[in-house]
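Listed below, chain by chain, are the residues.
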Amino acid sequence: YQGWVEWSDPSTGEVRGARRENSVLFLDKVINVDKSLSVAAVLDPRIAQQLDAALEQMAHELMAYAASEMHTRVGPRGGQVWVPVEKLEAVTVAHRTSREGDPHRHLHLQFLNRVWAAGAWRALDTAEFVKHNAAMNRLGEAVLASHEGLQEALAQAGLSFDAQTGAVVELAGPAEVLSKRAGQIAERRAQLVAQWQAEHPGQTPGEKILEGLDHLAWAQTRREKVPGVLPDEDKWAAEIAASGFVMPGKPRERVVVSWAQVDKPALIRRAVEQLEASRSAWSVADVSAAVSAEFSRTGVTDYPRPVRELVREATEALVAGRCTSITPDVDPLNAPHHLKVLTTDRIIEQERSLTGLLATKALEPVMDTVKVAGQVQKIDAHQDMDEALLERVFSESTSTDPEGHAVRLPEGVGHRDALAAMAGTHQLVVVTGAAGSGKTTLLKAAKHVGAVKGVEQVIVTPTAKAAEVAAAETGSAASTVHALLRAYGYRWETDEAGVTRWQRLAPGEGDYQGVPEAKQLGPNVQVVVDEAGMLSQDVASRLFTVLHETGARVVLTGDYHQLGAVGRGGVLQMAEHATEACIDLDTVHRFLNPVYASLSLAMRARQAPGEQFDLLVDMGLVQVHASQEQANQALAAAWVHGAREGAPPLICAATNENAQQINTAIHQHHTSTGPGDGDGSGCLVGMDGLPMSVGARIMTRRNDVQLGVLNRQSWIIRQIGATHTKIQDPAGGHRTLHVPNEYLTEHAHLGWAVTAHGAQGATVDQAHTLIDEHTDAAGAYVGLTRGRESNVAHFVADDLGQARAQYVAAMGRDGADHGLDAARRS
């Protein structure tokens, strides 16, 4: 095995190419199942046998899929072509436990990064491999859901399999009991604190003591993986029994569904809807993923050929019958299947319709009268934007920043041009701007200029958190775009596949009684769509329908180089093409170091990423760690150090899983002796399975108007009661809420570390960002532009050369959708 990993044929000893120090030896594809299935395997040997068989079948199907899909690149730089792989090798490594010692049956399917193609051993196109990841995941899930032996073994044990979640319904509780790593740490820490207090009566442990006890609790509960040593399944079974769970004694009747019974056109229709909801253009691999997901939902366990063949057959039918190529010179089925060259006539027509709405808005005549206090007044749309007016406007908007500094319009032609466009006769204005370019200050100025001219500023945003921030910083009325659409009669439902179905009610129909007075728009209103780069085409088309009906002016502000829409995007770019009033603010004011300001613009433009990295190194803003755990500990230490100095940094990771790992590391350092009211103490377990104690920073993840909490808001836990918990806003420190514990356990998690979606819009003194294979260009740009004083990039790598390659790769990835024109160029 070691020889194979190091590119030596295990039978002949043939060396398959020269390895460099930072060569990728193999690509590891983890084949996971829900923990409840691993628990079922502990409780029933028949399930264990069939689960192992299902995992092997998943590995076999994924290997066959990869063998038929993967390529290598051949030829000189600038003239490379894709060549199909002729020979591909992989091994499976079987694990039965997680690192924490919980039951977790999974396989590591390891693809050797040496393939035979065009007469030689070559490297896989790893970028292509990553783009097939979703298709392989969904195919594996389809194989698992359709495995006859596993489904029969579960039914005989009286258990139900949910194909939607991949979980055993009855074993959710026992799975949680055995997912207790973080809880073990918290429990052991509490025991150590109690032991210390017993040995030091009348004393309170200080920060250093508590930090040491945190490390001790972590060390004493950590279990290293020991090769060749099988888990103690009897101990697991005893823990499950102690929780009160009893296996159903009666077999469950199972209805066997055959592939012949499946409504194939309906399956294809649902897959198309899923694709249309997600992107403007997609690849054959994306189609395969959507078809596999629908296959899983059918409940089929009786089928004539391997799942991958049935999926491929349906995929080819969908591509040929329902899709169209976005460019006529590419045949989708004969080109490499990771290229996003497919769309539908429906998407083309919807984008054309949105483009028409934008162009119509840009060309609408300006209404020259408005009603102010019930009186018709003439809009002075042509009033000169002279310096005296600007200075008067800004003198009226001073003392609004948190430090009490006077707010002034930033220097630069772009800001003056943008303010003049927003105050002029244009019905559609687009203002884009780099991170830290002063877009919020511009909106505050535009509000005061509008007031002089009798025009009211109303702000709408894609998220409730962004609306709250906009209202606080500008003083204007702000809400989500969805709230405005709801006020104008729109209703929508989103299914589990992410497909949204819209309808519009007439006044008196259903629960709709007409537009509330507070939401009424008109020619005397300028609607500012902030963070418009995150606006989906579906939402934008309905918003511009409302704007056209009401005659309200509109300003789109944002940056399409930052995070994009969930679903079909590119609205900002389309609006830019539709209007002459388009200004880009490329003067950056956020950063104390002017060199870093220039570097941030290069990041935004994705220019020369290797040189960007070198400059980050020269500025001392790169840290390289030997392992993921070392990176997590370093990020935790950075947060603790900043918190002690009174300025906690922002910690940004690419995925929720990475953020959880960092939060776990910070939890080791965290003490629960922060300010609290009363004697409330204890610990809640959040939606990520990690404990949330008094003093912990948490993030709420679901809007709840009645409770007063929003998605991605940060809070500090101040007191935990029997039914409710007191939480406090960490920014101002004055706003406190009492939230039901049930809400926090279901819709909150530790929030010291966040993903890029949680970081966008934030400004702090210092920021730290972990960059890995999951980071794309927008995520890197967002993470590395949050800090005024410093922005540190962290890598898990052997050396700076490997870290540089990771950074260049990240800056070359773009996961956002920018519309059909961008897809064609790509």
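Everything numeric here is computed off the predicted structure, so don't read it as measured data.

Definitions and limits used
- Here, residues in each chain are numbered from 1, in the same order as that chain's written sequence.
- Confidence filtering applies because this is a predicted model: local features only for residues at pLDDT of at least 70, side-chain atom pairs given and counted only at 80 or more, and all residues used for totals across whole chains, interfaces and linings.
- To get the side-chain values, take all heavy atoms of the structure and skip hydrogens and water.
- Only DSSP runs of H or I reaching four residues or more are called helices, and only runs of E reaching two or more are called strands; each is numbered from the N terminus.
- The length a helix should cover is 1.5 Å for every residue beyond the first.
- Any carboxyl oxygen of Asp or Glu within 4 Å of a side-chain nitrogen of Lys or Arg constitutes a salt bridge here.
- Using a 1 Å grid laid over the protein atoms alone, points where a 1.4 Å probe fits but cannot get out form a cavity; open sets with protein on both sides within 12 Å along at least 5 of 7 lines form a pocket; any residue with an atom within 4 Å of a point counts as lining.
- Grid points are joined across faces, edges and corners, and a volume is the space filled by probe spheres set on the points.
- Amino acids outside the nonpolar list (Ala, Val, Leu, Ile, Met, Phe, Trp, Tyr, Cys, Pro) and the charged list (Asp, Glu, Lys, Arg) are all regarded as polar, and Gly is one of them.
- Under the scheme applied here, a residue whose accessible area is under 20% of the maximum for its type counts as buried, over 50% as exposed, and between as partly exposed, the area being computed with a 1.4 Å probe on protein chains only.
- A pair of strands is considered paired only if DSSP assigns at least 2 bridges between the two.
- Note on geometry: axes are C-alpha line fits, over the in-contact stretch for helices, and angles between N-to-C directions span 0 to 180 degrees.

Asks: Which parts of the structure should I look at to understand helix α12 (residues 284–298)?
Replies: An α-helical turn contains 3.6 residues, so a residue and the one three or four places further along point in the same direction. The first and last C-alpha atoms of α12 sit 21 Å apart over 15 residues, in line with the 21 Å expected at 1.5 Å per residue. Immediately downstream of α12, the backbone of Gly299 shows phi near 80°, a positive value.

Asks: How should the pattern of salt bridges be read in this particular structure?
Replies: In this structure the tally under the stated criterion is 34 salt bridges. Glu148 is paired through a salt bridge with Arg254; the nearest N and O atoms lie 2.7 Å apart. In this pair, Glu148 is assigned in helix α6 (residues 148–156) and Arg254 in the loop between α10 (233–242) and β10 (257–258), connecting sequence segments 106 residues apart. Here Asp511 and Arg486 are joined by a salt bridge, their closest N and O atoms 3.2 Å apart. You can see Asp511 sitting in the loop between β20 (500–504) and β21 (525–529) and its partner Arg486 sitting in helix α19 (residues 481–487), a full 25 residues away along the chain. Taken together, the shared-partner salt bridges connect Asp9, Arg16, Lys87 and Glu89 into one network.

Asks: I would appreciate a short explanation of empty space enclosed by the protein in the present structure.
Replies: By rolling a water-sized probe across the atoms, one finds the places where empty space is left. The full count for this structure, using the stated rule, is 2 cavities of 30 Å³ or more. Around the largest cavity, the lining comprises 12 residues; the ones closest to its centre are Met422, Ala423, Gly450, Val455 and Gln526. For the lining of the largest cavity, the leading source of residues is helix α17 (residues 439–453), giving 5 residues. Residue classes in the lining of the largest cavity are distributed as 6 nonpolar, 3 polar and 3 charged.

Asks: What should I look at first to understand unusual backbone geometry in this one?
Replies: The phi angle of most residues is negative, glycine excepted, and most peptide bonds adopt the trans form. Of note, the phi angle at Trp7 is positive, near 70°, even though the residue is not glycine. With respect to the helices, strands and loops of the structure, Trp7 is situated in the loop between α1 (2–5) and β1 (26–31). Note on Trp7: relative accessible area 2%, which makes it buried. A positive phi angle, close to 50°, is found at Ala118, a residue other than glycine.

Asks: Is there a simple way to explain the sheet that holds β21 in this structure?
Replies: Paired through backbone hydrogen bonds, the strands of a sheet run either parallel or antiparallel to each other. Ordered by their spatial adjacency, 6 strands build an open sheet running β18-β17-β21-β22-β16-β23, and the pairing between neighbours is parallel. Among the strands making up the open sheet, the edge pair consists of β18 (477–480) and β23 (582–585). Between one strand axis and the next, the sheet turns through 20° on average, direction left out of account. Bridge analysis of strand β16 (residues 428–433) against β23 gives 4 bridges, and the strand direction is parallel.

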